[in-house]
Amino acid sequence: MRYDELSIQTHREAPANARSAGQSWLVRAGYVSHSGQLLPLGERALARIRAYLKTPADFQQSGLLTLTGAHETYYPTLVGSHDLLHCPECGTAARAETAQAKKAASAAETSAPPEKVLTPDCPTIESLATFLGISTTKTAKALMFVSIGSPKSPDFGQTVDSRETFDSEFIFVVIRGDMAMSEAKLEALVGKFRLATEDEIRAVGAVPGYASPIGVRNATIIVDELIPQSANLVAGANQAGYHLLNTNYGRDYSAEIVADLTQANPGEPCIACAAPLQATRGWVLVSQAGFDCEKILFALAEAHNDEKGFTFPAPVAPFDIYLMQVPGKTLDTLPVAEELYQKLQAAGFSVLFDDRNDRAGVKFNDADLLGCPIRITVGERGLQNGMVEVKGRRASETQQVVIEEIVEAIRYKLTSG
Ligand SMILES: [Zn+2]
């Protein structure tokens, strides 16, 4: 393809609104407009990425260090759009809202009989624990919602009967008092939901601020997996001003669903190998919807740049070769460049031919900016000896190659990296 056919527009200045080196180079090299729209060169790069990347294993070949989750592949970058939790030991990763961590069960103890206690001015779990002189791990937190849709397909390792649907159902959630609920995990189980009103809470037999699932009716009870393993928790007494000591799952109430419902946090043990989880940001490159080639281009841009522009590896660069011609003083270099252009394309290489009537410096700059793995320069001095100059984008040295041997030389360079 000729340079002008793609209407490439490069920029000398870095865009003011770029959030990273990769994003800045994408604009400067003309892949993306200042407003973030893909330009013809960017479309070209996407087509190459789409043709090359067939499995997540190809990411490694293209120099992308990705994180792999159960159903998704991520590229960690601080400018990414999602919060992630990943394990630096075993490499598992997930979106923060659905990530799982190994939970420490409370020490086993025998069930004690329930006991109602007066707990004035204890509107929060923390104030309740302080008032009773106990740890928040010994409390049960009640959260009440009303479902407003059917569940998404189960996605987070929890088993749900797919025939079961939830609509306008009262959802009574119990988690341990020291933990936070993951709305995404609950949504995966029951679909969309909203907070229950005080009237709705009273209608199922619970009391706002002092609620527990004990004795409630017409409610779907869902408890975190840790609740059945936690004996003698303090829970609401469903009576204003009172809590119950020593409530026990199984004896005092049971649930329709027991599942992982809590938010995992950085520093908590990895579910697979127990190493502490780390927080990062990232892009989702592959989801159940397939490959997101635009995000993959953005990830490649972060991974492959230097102080002059992009340094893309061959299979994901928009072209294999940047072919440029430098006008001569005594020799017309253009016909030779033209011939070389045809020959290289016939040999199966993808070539961007910079045949613009422009200074050599402009072309060298653009070649570095765009980041094609090989640059070939057709100039007067080389031609006098039947040679052209070849340079790998990441190499520091140039090389003179006899024109007749150019196809073999390029093929060798591209396959040897
Ligand atoms: Zn791990």
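In this text, all values refer to a predicted model and were calculated from it rather than measured experimentally.

Another aspect to go through is the domain arrangement of the protein. Taken domain by domain, the protein consists of domain 1 (64-101 + 264-292), domain 2 (115-259) and domain 3 (316-415). Distance from the C-alpha centre of domain 1 to the C-alpha centre of domain 2: 28 Å.

Moving on, we get to unusual backbone geometry. Excluding glycine, residues mostly carry a negative phi; peptide bonds, for their part, are mostly trans. Non-glycine residue Ser-7 carries a positive phi angle of around 40°. Tracing the backbone through its elements, the reader meets Ser-7 in the segment before α1 (21-28). Owing to 10 C-beta atoms within 10 Å, Ser-7 belongs among the exposed residues under this scheme. Its identity as a non-glycine residue notwithstanding, Asp-121 has a phi of 55°, on the positive side. Topologically, Asp-121 is positioned in the loop between β5 (115-118) and α4 (125-132).

It is worth spelling out the nonpolar core at this point. Core analysis: the biggest nonpolar cluster contains 66 residues, and Ala-299, Leu-300, Ile-321, Tyr-322 and Leu-323 have the highest contact counts within it. With 7 residues, helix α7 (residues 293-303) is the single largest residue contributor to this core. The residue makeup of this core includes at least three contributed by each of domain 1 (64-101 + 264-292) and domain 3 (316-415). Not counting residues within four places of it along the chain, the set of residues in contact with Ala-299 comprises Leu-64, Tyr-75, Trp-283 and Leu-285. Ala-142, Ile-175, Ala-196 and Ala-237 belong to the second-largest nonpolar core, a separate cluster that totals 36 residues.

Looking now at the sheet that holds strand β12 (residues 257-259). Strand order in the open sheet formed by 5 strands is β8-β6-β7-β9-β12, with mixed pairing between adjacent strands. Either end of the sheet is taken by a strand with one partner, and the two such strands are β8 (193-195) and β12. Taking the axes of each pair of neighbouring strands and ignoring which way they run, one obtains an average angle of 30° across the sheet. Summarising the sheet, strand β6 (residues 140-147) and β8 pair through 3 bridges and their orientation is antiparallel. When the sheet's bridge partners are listed, Val-146 is paired in β8 with Arg-194.

In this structure, Gly-215 sits in the loop between α6 (198-203) and β9 (220-224). For the pair Gly-215 and Ala-237, spaced 22 residues apart in sequence, the C-alpha to C-alpha distance is 9.5 Å. Here Gly-215 is in contact with Gly-205 and Asn-238, once residues within four sequence places are set aside.

Our focus in this paragraph is the sheet that holds strand β19 (residues 374-378). Sheets are built from strands paired through backbone hydrogen bonds, the pairs being either parallel or antiparallel. Across the sheet, 5 strands lie side by side as β18-β17-β19-β20-β21; this open sheet has mixed pairing. Both outer strands of the open sheet, β18 (351-354) and β21 (399-402), are each paired with one neighbouring strand and no more. For this sheet the average axis-to-axis angle between neighbouring strands, irrespective of direction, equals 25°. Taken together, the 4 bridges between strand β20 (residues 387-392) and β21 define a ladder with antiparallel strand orientation.

This paragraph deals with the pairing of strand β11 (residues 242-247). Bridge count between β5 and β11: 4 bridges; the pairing is antiparallel. If you follow Glu-115 over to β11, its bridge partner there is Leu-245. The pairing of strand β10 (residues 233-236) with β11 spans 3 bridges and is classified as antiparallel. Looking at the pairing, Leu-233 lines up with Thr-247 of β11. Count of turn residues in the β10/β11 antiparallel hairpin: 5 residues, of which Asn-238 carries a positive phi of about 55°.

Quick look at the pairing of strand β2 (residues 73-76) now. Here 2 bridges tie strand β1 (residues 67-68) to β2, and the two strands are oriented antiparallel to one another. Looking at β2, one finds that Thr-68 is bridged to Thr-73. In sequence, β1 turns back onto β2 through a hairpin of 4 residues. The sheet contact formed by β2 and strand β13 (residues 278-287) spans 4 bridges and is antiparallel. Within the sheet, the bridge partner assigned to Tyr-74 lies in β13 and is Val-284.

What counts, and at which threshold
Residues numbered from 1 in each chain as written. Predicted model: local features only at pLDDT ≥ 70, side-chain atom pairs only at ≥ 80, totals over all residues. Domains from an automatic or database assignment. Helix = DSSP H or I, 4+ residues; strand = E, 2+ residues; numbered from the N terminus. Buried ≥ 20, exposed ≤ 12 C-beta atoms within 10 Å, placed from the backbone. Core = buried A, V, L, I, M, F, W, Y, C linked by C-beta atoms within 7 Å. Contact = placed C-beta atoms within 7 Å. Pairing = 2+ DSSP bridges. Axes fitted to C-alpha atoms, helices over the stretch in contact; angles between N-to-C directions.

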